Amino acid sequence: MSKKKWITTPLFLLISIGALKGQERDDRATILNFKGIQYTSKDSLFYTNFRFRMQNRLGYSNVLDGESNGKFDARIRRLRMRMDGYIYTPKISYSVQLAFTRSDQDFDDTGIPNIVRDAVIFYNFSDDFYISFGQNKLPGNRQRVNSSGSLQFADRSLVNSNFTIDRDFGVSFNLSKKLGDMPINAKAAVSTGEGRPANSTDDGLAYTGRVEFLPFGDFTNDGDYSEGDIEREKRPKLSLGGGYSYNDRTIREGGQTGKYVQNPFTLKTSFADAIFKYQGFAYQVEYMRRDVDNPLNKTKEDKPEDTYAYKGWGVNQQTSYLMNHGYEIAGRYTYLKPHQQISDFEVQTEVLELGLTKYMKAHRLKFQLNANYMVKGGNYGNSNNKNSWGGMFQVELGI
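Predicted model only: the values in this text are computed from it and were never measured. For every chain, the first residue of its written sequence is number 1, and the numbers climb from 1 along that sequence. Whole-chain, interface and lining totals are the exception, using all residues; otherwise, since this is a predicted model, local features are given only for residues with pLDDT of at least 70 and side-chain atom pairs are given and counted only at 80 or more. For the side-chain quantities, the full set of heavy atoms in the structure was used; hydrogens and water were omitted.

Asker: For this particular structure, what's the right way to read the overall build of the protein chain?
Answerer: What counts as a helix is a DSSP run of H or I of at least four residues, what counts as a strand is a run of E of at least two, and both are numbered from the N terminus. When helices and strands are counted, the protein chain shows 5 helices and 20 strands. For every residue, the accessible area (1.4 Å probe, protein chains only) is compared with the maximum for its type, and the residue is labelled buried under 20%, exposed over 50%, or partly exposed between those bounds. Buried residues in the protein chain amount to 47% of all 399 residues. When contacts within the protein chain are restricted to residue pairs at least 6 apart in sequence, long-range pairs at least 24 apart make up 60% of them. If you sum the accessible surface of the protein chain, you get close to 19,500 Å²; carbon and sulfur atoms cover 58% of it. Contact criterion: two residues are considered in contact whenever any of their non-hydrogen atoms come within 4.5 Å of each other. All accessibility values rest on the Shrake-Rupley procedure with a 1.4 Å probe; residue burial counts only the protein chains present in the view.

Asker: What is the right way to read the pattern of salt bridges from this model?
Answerer: Where charged atoms from two side chains of opposite charge come close, those side chains can pair. When a carboxyl oxygen of Asp or Glu is within 4 Å of a side-chain nitrogen of Lys or Arg, the pair counts as a salt bridge. Taken as a whole, this structure holds 23 salt bridges when the rule is applied. Among the salt bridges present, the one from arginine 53 reaches glutamate 396, with a minimum N-O distance of 3.4 Å. Taken as a pair, arginine 53 in strand β3 (residues 46-63) and glutamate 396 in strand β20 (residues 388-398) lie far apart in primary sequence, 343 residues in all. No difference in accessibility class separates arginine 53 from glutamate 396, as the two residues are buried. Residue glutamate 212 pairs with arginine 210 through a salt bridge whose shortest N-O separation is 2.8 Å.

Asker: I keep staring at the packing of aromatic side chains and nothing clicks. Help me out?
Answerer: The geometry of an aromatic ring pair comes down to the distance between the two centres and the angle between the two planes. Two aromatic rings, drawn from Phe, Tyr or Trp (for Trp, its six-membered ring), form a pair once their centres lie within 6.5 Å of each other, and the interplanar angle then sorts them: stacked below 30 degrees, edge-to-face above 60, tilted otherwise. The full count for this structure, using the stated rule, is 13 aromatic pairs. An aromatic cluster of at least three residues, connected via ring pairs, comprises Tyr60, Phe72 and Trp389.

Asker: Looking at this model, I keep getting lost on empty space enclosed by the protein. Mind explaining?
Answerer: Empty pockets left among the atoms are what a rolling probe the size of a water molecule brings to light. Cavities and pockets were defined on a 1 Å grid built over protein atoms only: a cavity is a set of grid points that admits a 1.4 Å probe from which the probe cannot escape, a pocket is an open set flanked by protein on both sides within 12 Å along at least five of seven lines, and lining residues are those with an atom within 4 Å of any such point. Grid points are joined across faces, edges and corners, and a volume is the space filled by probe spheres set on the points. Under the defined criterion, the tally for this structure stands at 2 cavities of 30 Å³ or more. Looking at the largest cavity, it is lined by 20 residues, and the ones nearest its centre are Asn136, Lys137, Leu138, Pro139 and Ser172. For the lining of the largest cavity, the secondary-structure elements that each account for two or more residues are β7 (129-137), β8 (167-179) and β9 (182-191). Broken down by class, the residue content of the lining of the largest cavity amounts to 9 nonpolar, 8 polar and 3 charged. Think of it as three bins: nonpolar holds Ala, Val, Leu, Ile, Met, Phe, Trp, Tyr, Cys and Pro, charged holds Asp, Glu, Lys and Arg, and polar takes everything else, Gly as well.

Asker: How do you make sense of the side chain of arginine 252 when you look at a structure like this?
Answerer: Structurally, the position occupied by arginine 252 is in strand β11 (residues 237-252). We define a polar contact as two N or O atoms separated by no more than 3.5 Å, with the added condition that, inside protein, one atom must be a possible hydrogen donor and the other a possible acceptor, whereas residues neighbouring each other in sequence contribute only through side-chain atom pairs. Polar contacts involving the side chain of arginine 252 include one to the main-chain carbonyl oxygen of glutamate 194, which spans 3.1 Å. A polar atom in the side chain of arginine 252 sits 2.9 Å from the backbone oxygen of glutamine 256.

Structure, rendered in structure tokens:
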């Protein structure tokens, strides 16, 4: 949760449910719009905002080696429900998010349907400083911290997929200040290091920090954490961010994600990113790198397991322009370079993607059409490297 707009923004005009039914109900009030179903008690000691969203998709991919058959992907990618609000005082707030599709529950890696994505409590000391306690996104790379509902492509990049630090249980500290007219955001977290399904904690924890600089001031409606210039910024806006995560002796391939391993890894992940928006044009870039002393997990018999930690680096770049009537064209280039220690398992990968999006209600209701071409091992057009192409159509709907 990167920003908590409902804390600093006055509550919307509330309409009594009883009035909607033709009878007076003075103990509660609600409103339904594209910012959720909002509820507040008469004494203002309790407030909640309920939202849901879903992503339905149809995709196809094909490897250009003359041997593989094409693969279809037709499913509900995400179905989520979320509640945010405060109890007794706006200083004590919360966020709960649940997921109801298999691919959204980390099921394949853990064998457990992890329904809970977020369950976190915030204490707001002031408008510019708060702490959190519970399970939530760590202050990692920008594309991961972005909601999946605010992306301009159907999925995040391969750079994010291989290096992200994702969600974890712990405590975080969040500070927003201004250096002159320039906003600065600093975030730090101490967490378990094993991600969502952990039911016990070992003595190896994860330590994460991130800093952001906005030299031209704040983006309109927190646009630095949504892709594409939906707001058509009237003045140039830029955000520069970077951070580091040290995950001590994690028992999963990717720290907070991936399969479990017999011998712990210590993962050191660094990241830097930037986003720029101006009059419908948007550009963002993200660099991530992971270091692992020994990425090949070995048993006592000194034999590698059928798993490893991804060691290497990658860069993702994407740009877009918002045209008239809510149509957006976008392009993305992703480069992934594995370390030579895992060259038996991973090869250099490049991905070119094109996207066309029709925004009906910003990111809350949109239609996305993507096409991609993936090159494995270098040399565009060399079918021996199992290059592949694919396409995806996705509909996002939420409140």
